[in-house]
Amino acid sequence: MNELSHLKGKTVLVTGANGFIGSHLVDSLLSLGCEVHCLVRRSSNLRWLSSPKIQFHFVDLADPNFKIPDLKNMNYVFHCAGLTKAKSRKEYFDINSTVCSSLYEQCLKFKGDIEGVVHLSSLAAVGPGQDGGLMDEAAPLNPITHYGKSKKSGEEVALKYSASLPIKIIRPPVVYGPREENLFNFFKLVRKGWGLQIGKAPKKLSLVYVADLVRAMLQVCGPSDVQGKVYFVTDGRTYSWEQIAKSAAQKMNVSVKALRLPESILSPLAIFFELLAMFSSKPALFDRQRMIDIRQSCWAASSENFFREYSFSPEFELEAGLSHTLDWYVQEKWL
Ligand SMILES: NC(=O)c1ccc[n+]([C@@H]2O[C@H](COP(=O)([O-])OP(=O)(O)OC[C@H]3O[C@@H](n4cnc5c(N)ncnc54)[C@H](OP(=O)(O)O)[C@@H]3O)[C@@H](O)[C@H]2O)c1
């Protein structure tokens, strides 16, 4: 029996299925022979979900009366939908927290069939490391942004429902890989020969390559005596932005110079982007919330608990993960 055999031929519901992480998860579930039900919106871009085997359900989670599909068997639920950018605190909380109550309440109807639920949280729910140390699952939760606070609140809902549903919570750090659109902006600058550095102090972070995160999500929902457990899932290393820029530059065969932005420029820049976003339906690419995030010197966590309990070893460290990611950006003509 391999560590993913619990999923073979099972019926699975994925929220946020068309997103970066959700779409990679869907690919893996299909390759395991699962019956995959994707919860997406009418407006969702379905470019990564091309398999004819996928069954779509059009549901906007922002609708307070949303209903999940009434599936005959619902064996696994992966809750990947979330807002990583929004215009207001309320929008973050509506999607990242309030939705969870309604989703898990509706899941109770399938309680007899459900074998596992994975709730995708974030390192942001815990907040940055103090004194440069790695966060672990025992660390108190001190989120510092609307996003982080809403993810913490979503975790609290998941933990409450874990008394009745087999829920496990995964907290990734920054996730990268093909189809990713945020860190991509950093790689675009590297391609032009610039390694973006904010402020003078070195900044440390954890990363996880999307394929490793997906494998962890598939493994964590397997048979277990405990529910409501929370795990950080990283690639087991910590990096500096400088190191990431250097590795990406090497892979792209470009030489890179540090593009140092003083922290004092962040606030006016954020306000400028927020003002621009007032004329758009989309949230700003960079705002004062993101500014709080990027000012921190340490966004790093330890995955030792997960590695030990699940005998899990990440397959991709930065070099290998970047190689796949950058090749993909080039192949898709993003770079
Ligand atoms: N990427 C990272 O580095 C990272 C790190 C830590 C945690 N996470 C967490 O991982 C999860 C997935 O992130 P991601 O990077 O895959 O983000 P993403 O690409 O932006 O995907 C988010 C997904 O949520 C869906 N969604 C948002 N609002 C919705 C609504 N009202 N109704 C239905 N679906 C809605 C989106 O659908 P539309 O396309 O229709 O908007 C999309 O499918 C999130 O919970 C995020 O907090 C991500």
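Let me begin by describing the structure that accompanies this report. Counting from 1, residues in each chain are numbered in the order their sequence is written. Local features in a predicted model are, by the rule used here, given only for residues with pLDDT of at least 70; side-chain atom pairs are given and counted only at 80 or more, and totals for whole chains, interfaces and linings are based on all residues.

## Overview of the overall build of the protein
Helix and strand definitions follow DSSP, with helices as H or I runs of at least four residues and strands as E runs of at least two, each counted in order from the N terminus. A tally of regular secondary structure across the protein gives 10 helices and 14 strands. In terms of overall dimensions, the protein is globule-like: its C-alpha atoms have a radius of gyration of 20 Å, near the 20 Å expected for 335 residues. Dimensions along the principal axes, computed over C-alpha positions, put the protein at roughly 55 × 45 × 40 Å. Residue burial in the protein is summarised as follows: out of 335 residues, 42% are buried. Any residue pair is listed as a contact if its two C-beta atoms, each placed from the backbone, are within 7 Å. For the protein, the proportion of contacts with a sequence separation of at least 24, taken over those separated by at least 6, is 77%. Two things to know: the radius of gyration comes from C-alpha atoms, and the globule rule equals 2.2 Å times the number of residues to the power 0.38. Our exposure labels follow a C-beta count within 10 Å of each residue's own C-beta, placed from the backbone: buried means 20 or more other C-beta atoms, exposed means 12 or fewer, and partly exposed covers the counts in between.

## Description of the sheet that holds strand 12 (residues 239-240)
Pairing between two strands is assigned when DSSP locates at least 2 bridges connecting them. Read from one edge to the other, the open sheet built from 3 strands follows the order 12-9-14, with strand pairing classed as mixed. At either margin of the open sheet sits one strand with a lone partner, and together these are strand 12 and strand 14 (298-299). The pairing of strand 9 (residues 204-205) with strand 12 spans 2 bridges and is classified as antiparallel. Bridging from a neighbouring strand, leucine 205 pairs with tyrosine 239 of strand 12.

## Here's the deal with the site of the ligand
Near the ligand you find 25 residues, and of these Gly16, Gly19, Ser44, Leu61 and Gly82 are the closest. Breaking the shell around the ligand down by element, the ones donating at least two residues are helix 1 (20-31) and strand 7 (174-176). Residue contributions to the shell around the ligand peak at 3 residues, all from helix 1. Throughout this entry, Asp, Glu, Lys and Arg are counted as charged residues, while Ala, Val, Leu, Ile, Met, Phe, Trp, Tyr, Cys and Pro are counted as nonpolar. The remaining residues, Gly among them, count as polar. Across the shell around the ligand, the residue classes break down as 12 nonpolar, 10 polar and 3 charged. Using the backbone to place each C-beta atom, any residue with that atom within 6 Å of a molecule or strand is considered near it.

## Considering the sheet that holds strand 11 (residues 229-232)
Strand order in this open sheet of 7 strands is 3-2-1-4-5-6-11, and the pairing throughout is parallel. In this open sheet, the two edge strands, each paired with only one partner strand, are strand 3 (55-58) and strand 11. Recorded for the sheet is a direction-independent mean angle of 20° between the axes of neighbouring strands. Note: strand 1 (residues 11-15) against strand 4 (residues 76-79), 4 bridges, orientation parallel. Each residue of the ladder has a partner; that of valine 12, found in strand 4, is tyrosine 76. Fitted lines through C-alpha atoms serve as axes, helices being fitted only where they are in contact, and the angles separating the N-to-C directions of these axes extend from 0 to 180 degrees. The sheet strands contacting helix 5 (residues 210-220) are strand 4, strand 5 (116-120), strand 6 (167-171) and strand 11, and the helix crosses strand 6 at an angle near 160°.

## With respect to the pairing of strand 1
Burial analysis of strand 1 places 4 of its 5 residues in the buried class, the great majority of the element. Two elements, strand 1 and strand 2 (residues 35-40), share 5 bridges in a ladder whose sense is parallel. Bridged to valine 14 within strand 2 is cysteine 38. The handedness of a crossover follows from its direction of travel: if, with the strands pointing away from the viewer, the path from the first strand over the helix to the second runs clockwise, the crossover is right-handed. Between the parallel elements strand 1 and strand 2, the chain passes through helix 1 in a crossover that is right-handed.

## Focus on the pairing of strand 13 (residues 257-261)
By the criterion of burial, strand 13 is predominantly exposed, with just 0 of the 5 residues buried. Both strand 8 (residues 194-198) and strand 13 contribute to a ladder of 5 bridges, which runs parallel. Each bridged residue has a counterpart across the sheet, and for glutamine 197 the counterpart in strand 13 is arginine 260.

## A look at the environment of proline 173
With respect to the secondary-structure elements, proline 173 resides in the loop between strand 6 and strand 7. Along the backbone, proline 173 and histidine 37 are 136 residues apart, and their C-alpha atoms lie at a distance of 26 Å. Those residues within four positions of proline 173 in sequence are excluded, and the remaining contacts are Leu123, Leu205, Ser206, Leu207, Val208, Thr234, Trp299 and Ala301.

## Re the packing of helix 2 (residues 89-107) against helix 3 (residues 146-161)
Closest axis-to-axis distance for the helix 2/helix 3 pair is 8 Å, and the angle between their directions is 10°. In terms of orientation, helix 2 lies roughly parallel with respect to helix 3. Within the contact between the two elements, helix 2 uses Arg89, Tyr92, Phe93, Asn96, Ser97, Cys100, Ser101 and Tyr104 and helix 3 uses His146, Tyr147, Ser150, Lys151, Ser153, Gly154, Val157, Ala158 and Tyr161. Residue composition of the contact of helix 2 with helix 3, grouped by class: 8 nonpolar, 7 polar and 2 charged. Note that the term roughly parallel is reserved for angles under 35 degrees, roughly antiparallel for angles over 145, roughly perpendicular for angles of 65 to 115, and oblique for everything else.

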